[in-house]
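If you want the building blocks of each chain, they are given just below.
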Amino acid sequence: MAYITLRDVQLAFGGPALLDGANFNLERGERVCLIGRNGEGKSTLLKLIEGSLLPDAGEVSLQNGITISMLAQDVPMSSGKVADIVADGAGEAAAVLKAYHEASDACVLGDMDACDRMGNLQHKLDQLDGWALENKVNAILSKMGLDPNADLADLSGGRKRRVLLARALLTQPDVLLLDEPTNHLDVESIEWLEKFLLDQNNLTLLFISHDRAFVDSIATRIVELDRGVLRSYEGNYSRYLDLKAQQLEAEEKQNALFDKKLAEEEAWIRQGIKARRTRNEGRVRALKALREESKARRFQQGKVNMAAQEANRSGKLVFEIEHLQVAFGNQAPIIKDFSALVLRGDRIGLVGDNGVGKTTLIKAILGEIEHGGSVKTGTQLEIAYFDQLRNVLDLEKSVKDNVSEGSDFVDVNGQRRHIYSYLQDFLFSPERARTPVKALSGGERNRILLAKLLLKPSNLIVMDEPTNDLDMVTLELLEEMLSDYKGTLLLISHDRAFMDNVVTSTWVFDGKGNIDEYIGGYQDYLQQRPDQTVVDQKSDVKKAVAKAEAAAAAPQAKKVKLSYKDQRALEQLPGEIEALEQEQAELSEKLADGSWFVTDAEAATKASQRLAEIDEELLEKLERWDELENLANGN
């Protein structure tokens, strides 16, 4: 039996149903990524499974005895001792243990009443097995590299996320629910989280993420929430994209056939009485049913339509940075002796842990804070700045007023457009455009920033964490826009796939004030960094030596007689390969027009998976055939 099962689940909050007859199974040991557009209801689905929400109809069933723990999306800003916050995940025993530690601290300071309370609390701890809880807390904090006595308020976003994860894992749940676990984490913390989750044996995961590199590393299956329906896709994100494209093509063809049929019937019903004399009531009822189906049809959410307004070209030199240094008070410099040349058209990514000075460097270059050294700025620069803190948004004002600053019209590439028309390019309906920003989700706020940013003509775009909360479709459109941008880009991001697809060079912060420059994106940096270069060189030398030794030690090949089993395999392999190629051709032909995904989506998905299996089998058999022929010929 599956750990979690959803059967025909319905849920709506006044608008279109977030879940419309949704079905889903989560099996033991799976790591399933839940994806979908902003506002589709992914976080709501996790709350249904966790039990904090109930469906309007349908059933959410859990296997008897399983435990579920959830890591929420938001990182708390409150303070408190790390050990106490982690222990809170264990309920009553945690509260008693916390009270015992508080009484113990007070008793040491001479509070005799606290000393008396310790006896009662100790008795309760014995009953609740609270001492074992303390050992568990210390063990998991040690495993995660956290100080049990640290104050949560003093920790970075990545460390806070570790504390919450430790709390969620304390009770050793069977299923862990994660809502955007990589949001606001630096690259090092994301890579740590990947490794930690992969090392947890038998932990079943259901997680929401828009970080494609994280999804590819962790997920064994992808489930998409699209217009209230859950669809499953085996494999990684790249595999999902292929299958999704086939599904959408089939859906488009099916909709076209439906629309043609409806148009024909509407034309028939509008004919004169004589022409319709032979009509039958069944045909009229069928037309009514077609009309109802057309009204109920839900189309896929549109895509953001974004384009940068480019100003006149800047000078070839954008920034000449020499011996730049930034320090605050008497502290060690956060940036020391940094020199670089930024030319028109460069797309530079800034990478490093939280707090190492990436945003500080941007502000120093733009002249917003004092610094040592010099920054020579090029001519005719027009800058558009995307702020990760969203400080440029007035939370009390509407979307419309934030973007157009009170005007009903905006200028877009020399054309005058009504603000509601422009905001629809960013998926804001007129009603949504009148909503105060404080009522919107993080993804919607980021879209407002993009809409505001792209109204400003620029030849230098500065972006500080633009990818947080954006869905994958919008991320890919933003990538495409930035890749086509003719100006210069300075980009701070922890999204490794986004960096790889956009930037042409990378500035890497080591956390000690030093910044090194590498050609290419994040993966290129990993290949070029000094420690990796040394490892690769040593590995290459070892491989070359081993290959030379093996070649010298190998005796002259002689033609050998194959065993009976190998001889039979050699004779049968051509036929087996031919049969696989035939099956491959038949399945490819059936999947070619996409209609199979409409008539039987499950069978079509299995067929797509079988095609991948055939590729592997063909490769194995071809390699085996080559090996046996070489052996038979003495090669």
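Residues numbered from 1 in each chain as written. Predicted model: local features only at pLDDT ≥ 70, side-chain atom pairs only at ≥ 80, totals over all residues. Heavy atoms only, no water.

### Here we look at the overall build of the protein chain
- Secondary structure assignment for the protein chain yields 22 helices and 20 strands.
- Put simply, 69% of the contacts in the protein chain that link residues at least 6 apart link residues at least 24 apart.
- Carbon and sulfur atoms provide 48% of the accessible area of the protein chain, an area that totals close to 33,000 Å². (Helix = DSSP H or I, 4+ residues; strand = E, 2+ residues; numbered from the N terminus. Contact = heavy atoms within 4.5 Å. Areas by Shrake-Rupley, 256 points an atom, 1.4 Å probe, with all protein chains shown as cover.)

### Some details on the side chain of Thr360
- Relative to the helices and strands, Thr360 is located in helix 11 (residues 358-365).
- Not counting residues up to four positions away in its chain, the partners in contact with Thr360 are Val326, Phe328, Ile334, Ile335 and Ile369.

### A few points about the state of the cysteines
- Considering all chains together, one arrives at one disulfide under this definition.
- A sulfur-sulfur separation of 1.8 Å characterises the disulfide bridge that pairs Cys107 with Cys115. Measuring the twist about the S-S bond at about 95 degrees, one finds the Cys107-Cys115 disulfide to be right-handed.
- We classify Cys115 as partly exposed; its relative accessible area is 22%. (Disulfide = S-S within 2.5 Å. Buried < 20%, exposed > 50% of the residue type's maximum accessible area, 1.4 Å probe, protein only.)

### As for the sheet that holds strand 13 (residues 372-377)
- Taken in spatial order, the three strands line up as 11-10-13 in an open sheet, and their pairing is antiparallel. Each edge of the open sheet is held by one strand with a lone partner, namely strand 11 (335-343) and strand 13. Pairs of neighbouring strands in the sheet enclose a mean axial angle of 5 degrees, with direction left out of account.
- With six bridges connecting them, strand 10 (residues 317-326) and strand 11 associate as antiparallel partners. Bridge pairing in strand 11 places Glu320 opposite Leu341.
- Contacts from helix 11 reach strand 10, strand 11 and strand 13 within the one sheet, and its direction differs from that of strand 10 by about 120 degrees. (Pairing = 2+ DSSP bridges. Axes fitted to C-alpha atoms, helices over the stretch in contact; angles between N-to-C directions.)

### Things to note about a negative patch on the surface
- A cluster of like negative charges, contributed by Asp615, Glu616, Glu620, Glu623, Asp626 and Glu629, occupies part of the molecular surface.
- Counting through the fold element by element, Asp626 comes out in helix 22 (residues 601-632).
- You can call Asp626 partly exposed: its relative accessible area is 44%. (Patch = residues over 30% accessible without salt bridge, like charges linked within 9 Å, V, L, I, M, F, W, Y side chains within 5 Å. Salt bridge = Lys/Arg side-chain N within 4 Å of Asp/Glu carboxyl O. Lys, Arg positive; Asp, Glu negative; His and termini not counted. Charge placed at Lys NZ, Arg CZ, Asp CG, Glu CD.)

### A word on the packing of helix 3 (residues 92-108) against helix 5 (residues 130-143)
- Direction vectors running N to C along helix 3 and helix 5 enclose 85 degrees, while the axes themselves pass 10 Å from each other. Viewed along their axes, helix 3 and helix 5 adopt a mutual orientation that is roughly perpendicular. Contact with helix 3, carried on its side by Ala93, Ala94, Leu97, Tyr100 and His101, involves Gly130, Trp131, Leu133 and Glu134 of helix 5 and no other residues of that element.
- When the residues that make up the contact of helix 3 with helix 5 are grouped by side-chain class, the tally is six nonpolar, two polar and one charged. (Parallel < 35°, antiparallel > 145°, perpendicular 65-115°, else oblique. Nonpolar A, V, L, I, M, F, W, Y, C, P; charged D, E, K, R; others polar.)

### With respect to the pairing of strand 7 (residues 204-208)
- Burial of strand 7 is extensive: five of the five residues sit out of reach of the surface.
- By the alternation rule, side chains of strand 7 split into Thr204, Leu206 and Ile208 and Leu205 and Phe207, which are all buried.
- With four bridges joining them, strand 3 (residues 31-35) and strand 7 adopt parallel strand pairing. The residue bridging Val32 from the neighbouring strand is Leu206, located in strand 7.
- Where strand 6 (residues 175-179) lies against strand 7, five bridges are found, and the strand directions are parallel. Residue Asp179 lies in a different strand from strand 7, and its bridge partner there is Ile208.
- Viewed along the sheet, the connection from strand 6 through helix 7 (residues 187-199) into strand 7 turns out right-handed. (Right-handed = clockwise from strand over helix to strand, strands pointing away.)

### Quick word on the sheet that holds strand 8 (residues 221-226)
- Spatially, 5-6-7-3-8-9 is the arrangement adopted by the six strands of the open sheet, whose pairing is mixed. Edge positions in the open sheet fall to strand 5 (68-71) and strand 9 (229-234), since each of these has one partner strand only. Ignoring which end each strand starts from, the neighbouring axes of this sheet average 20 degrees apart.

### Here's the deal with the nonpolar core
- Residues Leu141, Leu165, Leu176, Leu197 and Phe207 are the most contacted members of the largest nonpolar core, which totals 55 residues.
- With seven residues, helix 3 is the single largest residue contributor to this core.
- Among the nonpolar cores identified, the runner-up in size contains 44 residues, and Val351, Leu423, Leu454 and Leu491 belong to it. (Core = buried A, V, L, I, M, F, W, Y, C linked by side-chain atoms within 4.5 Å.)

### Thoughts on unusual backbone geometry
- Here Asp8, not a glycine, exhibits a phi torsion of approximately 50 degrees, which is positive.
- Secondary-structure assignment places Asp8 in strand 1 (residues 4-11).
- Although it is not a glycine, His323 adopts a positive phi angle of roughly 50 degrees.
- Structurally, His323 can be placed in strand 10.
- In this structure His323 comes out as exposed when scored by relative accessible area, which is 51%.

### Notes on the packing of aromatic side chains
- Evaluation of the coordinates by the stated rule reveals eight aromatic pairs.
- Aromatic ring contacts, followed pair by pair, group Tyr233, Tyr237 and Tyr240 into a single cluster.
- Sitting over the ring of Trp192, Arg162 keeps its end group 4.0 Å from the ring centre.
- The aromatic ring of Phe409 is capped on one face by Arg416, whose charged end is 3.9 Å from the ring centroid. (Phe/Tyr/Trp six-rings, centres within 6.5 Å; stacked < 30°, edge-to-face > 60°. Lys NZ or Arg CZ within 6 Å of the ring centre and 35° of its normal.)

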